[in-house]
Amino acid sequence: MINGIKEKTYKTVDGGVCAAKGFKANGLNCGLNNDRNKNDLGLVVSDVLCNAAAVYTTNKVKGAPIVVTKEHLAACGGRTRGFIANSKNANTCNSDGVEKAQMMCSLTAKALGVAPEEIVVASTGVIGQILPIEPIASHIEELVSGLSPENHRKAVNAIMTTDTVMKEIAVEFEVGGRLCRMGGMAKGSGMIHPNMATTLNFITTDAAISSEMLQKALSDVVKVTYNCLSIDGDTSTNDCVLLMASGLADNSPITAECDGYDEFKSALYFVMMNMTRMLAKDGEGASKLIECSCSGARDLDTAITVAKSVIRSPLVKCAIFGEDANWGRILCAIGYAEADFEIDRVDVDISSVNGSVAVCRKGAGVAFSEEEAAKILSADEISVFIDLHQGDSVAKAWGCDLTYDYVKINGDYRT
């Protein structure tokens, strides 16, 4: 059990958010982004009305799309047909923001022939700039006419900002003997910090499951995936995770915590955990992924708190970037974690594909080869293993190193 969920490996398939039955996507450049080779408007819809669940940013400043999405999901009883999303402009802190977000839904719904409340909306980009609706309105028909299961990557490209790679995954799993699929797409590189700051993330499945069970599974898995991710300590304003279930796999509907629910939740964890790793590895300016595992904790919350404390530490991030096995910074970050444990029982190891080295035992340093440690830290994925030796709970958290390029990227992000 990792993060309180049984870890399983699933067969990955092509298709991203369109791998599940009933989903189509498209993306294009409507003119919000001056780079005509970069899509800035994306759409993912289902052939049928989907049960849905969502989790949103905890920032007190929330983008207008968050407000409208909440309203539409409530109006449709926790169901949606799909979402429209744009990049380049966050549509946040604007007096006409809600009106523009509603217009995006209405324009899309009209082109699809569905009710406006059946569409939800997401935006990402610069905060505080008025969102021009004209480029979006003039391209809706083209966006809808190009919907296809093959165009999932066009939709992913449409939500990317400072991302350097596309982030998507799809898997197969069984519920009650029926083959189901689940796919996800995500964007995010900066302004990412725990407690629902997870950029934009969309997950689709053809499993039949109630909105209530979707929400429970999503809330539980968010806690141990996206909320265990930190790039730079900044919680953004527009972040959300939307989970949609078409039910077209025709499994017996999941309406309670049964065997089918456990399998669904395990598959959801696999999808969200892998997207979390993708987000961490593509952090702004990052050169290394950091995965911190904390075992031997008295309870799950303690394990999560300790692991998150390490990956959030700017000094740990800098040491990893410099390939310096400055293990004291790791122990320092463990020490200020807001959790109850005995520091003189803590062991720490650092590893990568290049090997593993013990750097701390029972809260004190041990002799190790600096040359070997530097070789281990030269890899692009670094693992930090912490054993508290005070219980059976295990958790993981993900982050990246802090480089010169992070400052360069954010120094002129708006201009």
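Now for a quick tour of the structure. (Residues numbered from 1 in each chain as written. Predicted model: local features only at pLDDT ≥ 70, side-chain atom pairs only at ≥ 80, totals over all residues. Heavy atoms only, no water.)

Focus: the overall build of the protein chain
And step 1. When you go through the protein chain residue by residue, the secondary structure sums to twelve helices and 15 strands.
And step 2. Since a compact globule built from 415 residues should have a radius of gyration of about 22 Å, the 22 Å found for the protein chain is in line with a globular shape.
And step 3. Reported as C-alpha extents along the three principal axes, the dimensions of the protein chain are approximately 70 × 55 × 35 Å.
And step 4. Residue burial in the protein chain is summarised as follows: out of 415 residues, 60% are buried.
And step 5. The contacts in the protein chain between residues at least 6 apart in sequence include a share of 80% that link residues at least 24 apart. (Helix = DSSP H or I, 4+ residues; strand = E, 2+ residues; numbered from the N terminus. Rg over C-alpha atoms; globule rule 2.2 N^0.38 Å. Buried < 20%, exposed > 50% of the residue type's maximum accessible area, 1.4 Å probe, protein only. Contact = heavy atoms within 4.5 Å.)

Some remarks on the nonpolar core
And step 1. Ranked by size, the top nonpolar core spans 80 residues in total, and within it Phe173, Met182, Phe264, Leu268, Ile334, Val348 and Ile386 carry the most contacts.
And step 2. Apart from residues lying up to four places away in sequence, isoleucine 386 is in contact with Cys292, Ser293, Cys294, Ser295, Val306, Val310, Ile334, Val346, Asp347 and Val348.
And step 3. Ala52, Ala85, Ala122 and Leu200 belong to the second-largest nonpolar core, a separate cluster that totals 25 residues. (Core = buried A, V, L, I, M, F, W, Y, C linked by side-chain atoms within 4.5 Å.)

Some thoughts on the packing of aromatic side chains
And step 1. In total, this model carries four aromatic pairs according to the counting rule given.
And step 2. Taking 5.6 Å as the distance between ring centres and 65° as the angle between the ring planes, the aromatic pair formed by tyrosine 10 and phenylalanine 270 counts as edge-to-face. Taken together, the residues span a long stretch of sequence, with tyrosine 10 in the segment before strand S1 (11-12) and phenylalanine 270 in helix H7 (residues 259-281) at a distance of 260 residues.
And step 3. Judged by relative accessible area, tyrosine 10 falls into the buried class, the value being 8%.
And step 4. Ring centres of phenylalanine 321 and tyrosine 404 lie 5.2 Å apart, and the angle between their planes is 90°; this geometry places the pair in the edge-to-face category. Of the two residues, phenylalanine 321 is situated in helix H9 (residues 314-321) and tyrosine 404 in helix H12 (residues 404-411); the sequence distance between them amounts to 83 residues.
And step 5. Judged by relative accessible area, which is 26%, phenylalanine 321 ranks as partly exposed.
And step 6. Given a relative accessible area of 64%, tyrosine 404 falls into the exposed group. (Phe/Tyr/Trp six-rings, centres within 6.5 Å; stacked < 30°, edge-to-face > 60°.)

A word on the environment of glutamine 129
And step 1. Among the secondary structure elements, glutamine 129 is positioned in the loop between strand S5 (119-123) and helix H3 (134-137).
And step 2. Considering only alpha carbons, one finds glutamine 129 and cysteine 93, 36 residues apart in sequence, at a separation of 7.9 Å.

Things to note about the sheet that holds strand S15 (residues 393-400)
And step 1. In spatial order, the strands read S13-S12-S11-S14-S10-S15; together these six strands make up an open sheet with mixed pairing. Where the open sheet ends on each side, the last strands, each with one partner, are strand S13 (364-365) and S15.
And step 2. Examined bridge by bridge, strand S11 (residues 347-352) and strand S12 (residues 355-361) share five bridges and lie antiparallel to one another. Pairing of valine 348 across the sheet is with cysteine 360, part of S12. (Pairing = 2+ DSSP bridges.)

Here's the deal with the packing of helix H1 (residues 64-75) against helix H2 (residues 97-112)
And step 1. With their axes 8 Å apart at the nearest point, H1 and H2 run at an angle of 55° to one another. Classed by the angle they form, the pair H1 and H2 counts as oblique. Helix-helix and strand crossings are classified by hand; for H1 and H2 the assignment is right-handed. Between H1, through Ala64, Pro65, Val67, Val68, Glu71 and His72, and H2, the contact on the second element is made entirely by Gly97, Val98, Ala101, Gln102 and Cys105.
And step 2. Considering only residue class, the contact of H1 with H2 consists of seven nonpolar, three polar and one charged. (Axes fitted to C-alpha atoms, helices over the stretch in contact; angles between N-to-C directions. Parallel < 35°, antiparallel > 145°, perpendicular 65-115°, else oblique. Left-handed = near helix turned anticlockwise from the far one by under 90°. Nonpolar A, V, L, I, M, F, W, Y, C, P; charged D, E, K, R; others polar.)

Looking at empty space enclosed by the protein
And step 1. Applying the stated rule across the entire model yields one cavity of 30 Å³ or more.
And step 2. The volume enclosed by the largest cavity comes to roughly 60 Å³.
And step 3. In this structure, the largest cavity is lined by Val316, Ala319, Ile320, Asp324, Ala325, Asn326, Arg329, Ile330, Ile350 and Leu377.
And step 4. Of all elements in the fold, only H9 and helix H10 (327-335) reach the threshold of two or more residues within the lining of the largest cavity.
And step 5. By residue number, the principal contributor to the lining of the largest cavity is H9, which donates three residues. (1 Å grid on protein atoms, 1.4 Å probe; cavity = no way out; pocket = protein on both sides within 12 Å on 5 of 7 lines; lining within 4 Å. Points joined across faces, edges and corners; volume = space filled by probe spheres on them.)

Considering helix H8 (residues 300-312)
One turn of an α-helix holds 3.6 residues; hence residues three or four places apart share an orientation.
And step 1. Between its terminal C-alpha atoms H8 stretches 18 Å, which fits the 18 Å expected from 13 residues at 1.5 Å a residue.
And step 2. For H8, the full list of buried residues reads Thr302, Ala303, Ile304, Val306, Ala307, Lys308, Ser309, Val310 and Ile311.
And step 3. Considering only its buried residues, H8 is in contact with helix H6 (211-224), strand S10 (289-297), H9, H10, strand S14 (381-387) and S15.
And step 4. The opening residue of H8 is aspartate 299, an N-cap whose side-chain oxygen sits 3.3 Å from the backbone nitrogen of aspartate 301. (Expected span 1.5 Å × (residues − 1). Polar contact = N/O pair within 3.5 Å; in protein donor to acceptor, adjacent residues only side chain to side chain.)

Regarding the pairing of S11
And step 1. Most of S11 is tucked away, with six of its six residues classed as buried.
And step 2. The two faces of S11 match: Asp347, Asp349 and Ser351 on one face and Val348, Ile350 and Ser352 on the other face are all buried.
And step 3. Pairing between S11 and S14: five bridges, direction antiparallel. Each bridged residue has a counterpart across the sheet, and for aspartate 349 the counterpart in S14 is phenylalanine 385.

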